[in-house]
2 protein chains.
Amino acid sequence: MSGDRLARRRDSARSRELLLRAAVELFAEKGFDRSTVREIGERAGVDPALIARYFGGKTQLYIAALRAERGDTVRADLLDPEYLLELLERVDRRGPGPLLRAVVQPHADPEAQDAARATLYARLVEPLRERFAREGRDRPELRAEIVVAAFVGVLLGRRSGVFDGLARVGSDDLAALLRDTLAPDGDRPPPHRPE
Amino acid sequence: MSGDRLARRRDSARSRELLLRAAVELFAEKGFDRSTVREIGERAGVDPALIARYFGGKTQLYIAALRAERGDTVRADLLDPEYLLELLERVDRRGPGPLLRAVVQPHADPEAQDAARATLYARLVEPLRERFAREGRDRPELRAEIVVAAFVGVLLGRRSGVFDGLARVGSDDLAALLRDTLAPDGDRPPPHRPE
DNA sequence: GTCCTGTGTCATCATGTGTAGACATCACGC
DNA sequence: GCGTGATGTCTACACATGATGACACAGGAC
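Residues numbered from 1 in each chain as written. Chains lettered and ligands numbered in written order. Predicted model: local features only at pLDDT ≥ 70, side-chain atom pairs only at ≥ 80, totals over all residues. Heavy atoms only, no water.

- In the annotation of an unreviewed UniProt entry, chain A is listed under the name HTH tetR-type domain-containing protein and assigned to Streptomyces macrosporus.

In structure tokens, the structure reads:
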């Protein structure tokens, strides 16, 4: 039983962890395509060949990074003011996770695509759907998807370098504005669509 | 004066045009990174080496594609129901343009990045900003950016293969829902946030 | 000590990429 | 007919990428 020590010279668990952490960062910063295994290895301080050994390949590492990011699952939905602000600030600090990227860019690898889909639903769509259903709104799932997609658009747009104001505004400020525009406040009467 | 004839066997203008059109399509379908000059040439039925000759390189071709897409500039903003629906249907038919991709993913090439920014502002942000300013809302530019980013999120999310319902819903249906959730209806009283 | 398994390092391969240049072929003026 | 510039075609290069396997070495079992 030598696996307990942390500062071992040769420690596969540690190498694995370093790779995973670097992968989360890089996939978040540059997306899956533009991140290279060599760069991940360099940031982790670990030989990139170990990616293949420990994860099986770049795609599997991506999926693992997706799962690792999910670790801090929160039992709240986007329309919860606290959660919204927290999410905004987290993205400010650590950048968007690999998950958010998947929302707007289809993956070539269907396996990665599906992992992203499952994670996204569990973390963001489903809580929102529940809220909408609870509030008795029509088509809760579709509404939840729309809000999530819109929200992700704003989050990513903020860092894309394309929007001047969006990049500069503070996260608390933005949170208020977002809830103002995105969130259908409960007190608004349900729109009667003629159909 | 032989440039007038259209069906010439050798016609640089025609080759250029074919390349440009194929580039717009491919950049829209797969994004800048995943599109290769060889594939563009193949789709255009033109030798890819001509890309370098006529445009200077892949990046310059991308910028040209951006400009070409702008051709159908409309004098309307996203909150105009007709324009919204039209945009939705166009994306349905032809996919998101290369422009929309730039909203959520920064480009490696700063020149391309800036071209995307300028085009985006002229086509989408600025009209919305004008509307908001006309309506006397506070921070019209920031609001415009938020709405555009959110809208792009939905458009791209629709095709990312991550959202089930979003991918299936019809564009007219979606347009109604979008105006319902995204658009701050003028008649809605400004929400009084207790804080 | 001597093996032996886990772990790390390195070189290399197969493939795809953008780009450049050499060469061929056409249109057109003379 | 023939040269000349424009246009198109093809090959090759230099490079990056993901993957793989051979080898080196540590660290404990016996």
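**A word on the overall build of chain A**
Point 1. Each helix and strand in chain A was counted, giving 10 helices and zero strands.
Point 2. Tracing chain A from N to C terminus, the helices and strands come up as α-α-α-α-α-α-α-α-α-α.
Point 3. Taking all 195 residues of chain A together, 52% fall into the buried category.
Point 4. Long-range contacts, defined here as pairs at least 24 residues apart, represent 63% of the contacts in chain A between residues at least 6 apart.
Point 5. Total accessible area computed for chain A in this model is approximately 9600 Å², and 49% of it derives from carbon and sulfur atoms. (Helix = DSSP H or I, 4+ residues; strand = E, 2+ residues; numbered from the N terminus. Buried < 20%, exposed > 50% of the residue type's maximum accessible area, 1.4 Å probe, protein only. Contact = heavy atoms within 4.5 Å. Areas by Shrake-Rupley, 256 points an atom, 1.4 Å probe, with all protein chains shown as cover.)

**Some words on the side chain of R158 of chain A**
Residues and elements named next belong to chain A.
Point 1. By secondary structure assignment, the location of R158 is in helix 8 (residues 140–159).
Point 2. In this structure R158 comes out as buried when scored by relative accessible area, which is 8%.
Point 3. For R158, the side chain forms a polar contact with the main-chain oxygen of V169, separated by 2.4 Å.
Point 4. Sequence-distant contacts of R158, that is, excluding residues within four places in its chain, are made with L88, D92, L166, A167, V169, G170, S171 and L174. (Polar contact = N/O pair within 3.5 Å; in protein donor to acceptor, adjacent residues only side chain to side chain.)

**Notes on the relation of the copies chain A and chain B**
Point 1. Taken as rigid bodies, chain A and chain B are interconverted by a rotation of 180 degrees and an axial shift of 0.1 Å, the fit giving an RMSD of 0.2 Å. The operation mapping one copy onto its partner corresponds to a two-fold rotation axis.
Point 2. A share of 96% of the interface residues of chain A reappears at the interface of chain B, consistent with the copies meeting face to face through the same patch. (Least-squares fit on C-alpha atoms with pLDDT ≥ 70 in both.)

**Let's talk about the interface of chain A and chain B**
Point 1. The partner chain B presents 50 residues to the 52 residues of chain A that form the contact.
Point 2. Taken together, both faces of the contact between chain A and chain B bury some 4700 Å²; the carbon and sulfur share is 54%.
Point 3. Our enumeration of links across chain A and chain B arrives at nine salt bridges.
Point 4. A salt bridge links R139 of chain A to D173 of chain B; its shortest N-O distance comes to 2.6 Å.
Point 5. Inspection of the chain A/chain B interface yields 20 residue pairs in polar contact (both at pLDDT 80 or more).
Point 6. Those elements giving two or more residues to the side of chain A that touches chain B turn out to be helix 1 (12–34), helix 6 (98–104), helix 7 (110–134), helix 8, helix 9 (164–168) and helix 10 (171–181) of chain A. (Buried area = accessible area lost by both parts, 1.4 Å probe. Salt bridge = Lys/Arg side-chain N within 4 Å of Asp/Glu carboxyl O.)

**Focus on the protein's contact with DNA strand D**
Point 1. Taken together, 20 residues sit near DNA strand D, with R38 and K58 of chain A together with R10, S15 and Y54 of chain B positioned nearest.
Point 2. Of all DNA strand D atoms lying within 4 Å of any protein atom, the proportion belonging to sugar or phosphate reaches 49%.
Point 3. Within the contact set of DNA strand D, a phosphate oxygen lies 3.2 Å away from a backbone nitrogen or oxygen of S35 of chain A.
Point 4. A distance of 2.3 Å is found between a phosphate oxygen of DNA strand D and a side-chain nitrogen or oxygen belonging to Y54 of chain B. (Near = heavy atom within 4 Å.)

**A word on the domain arrangement of chain A**
Residues and elements named next belong to chain A.
Point 1. For chain A, the assigned domains are domain 1 (1–69) and domain 2 (73–195).
Point 2. On the side of domain 2, 15 residues touch domain 1, which itself brings 14 residues to the contact.
Point 3. Contact between domain 1 and domain 2 buries roughly 1200 Å² in total, counting both sides, with carbon and sulfur atoms accounting for 59%.
Point 4. At the junction of domain 1 and domain 2, the tally comes to zero salt bridges.
Point 5. At the boundary of domain 1 and domain 2, one finds two residue pairs in polar contact (both at pLDDT 80 or more).
Point 6. Of all the secondary structure elements, the ones that give two or more residues to the side of domain 1 that touches domain 2 are helix 1 and helix 4 (58–70).
Point 7. Broken down by element, the side of domain 1 that touches domain 2 gets its largest block of residues, eight residues, from helix 1. (Domains from an automatic or database assignment.)

**Overview of the UniProt feature "DNA-binding region" (unreviewed entry) in chain A**
Point 1. Look at the UniProt record and you will see "DNA-binding region" (unreviewed entry) annotated at residues 36–55 of chain A.
Point 2. When the span residues 36–55 of chain A is considered, its composition is 75% helix and 0% strand, and the gap between its end C-alpha atoms is 15 Å. (UniProt positions renumbered as here; feature names shortened; annotations may be inferred.)

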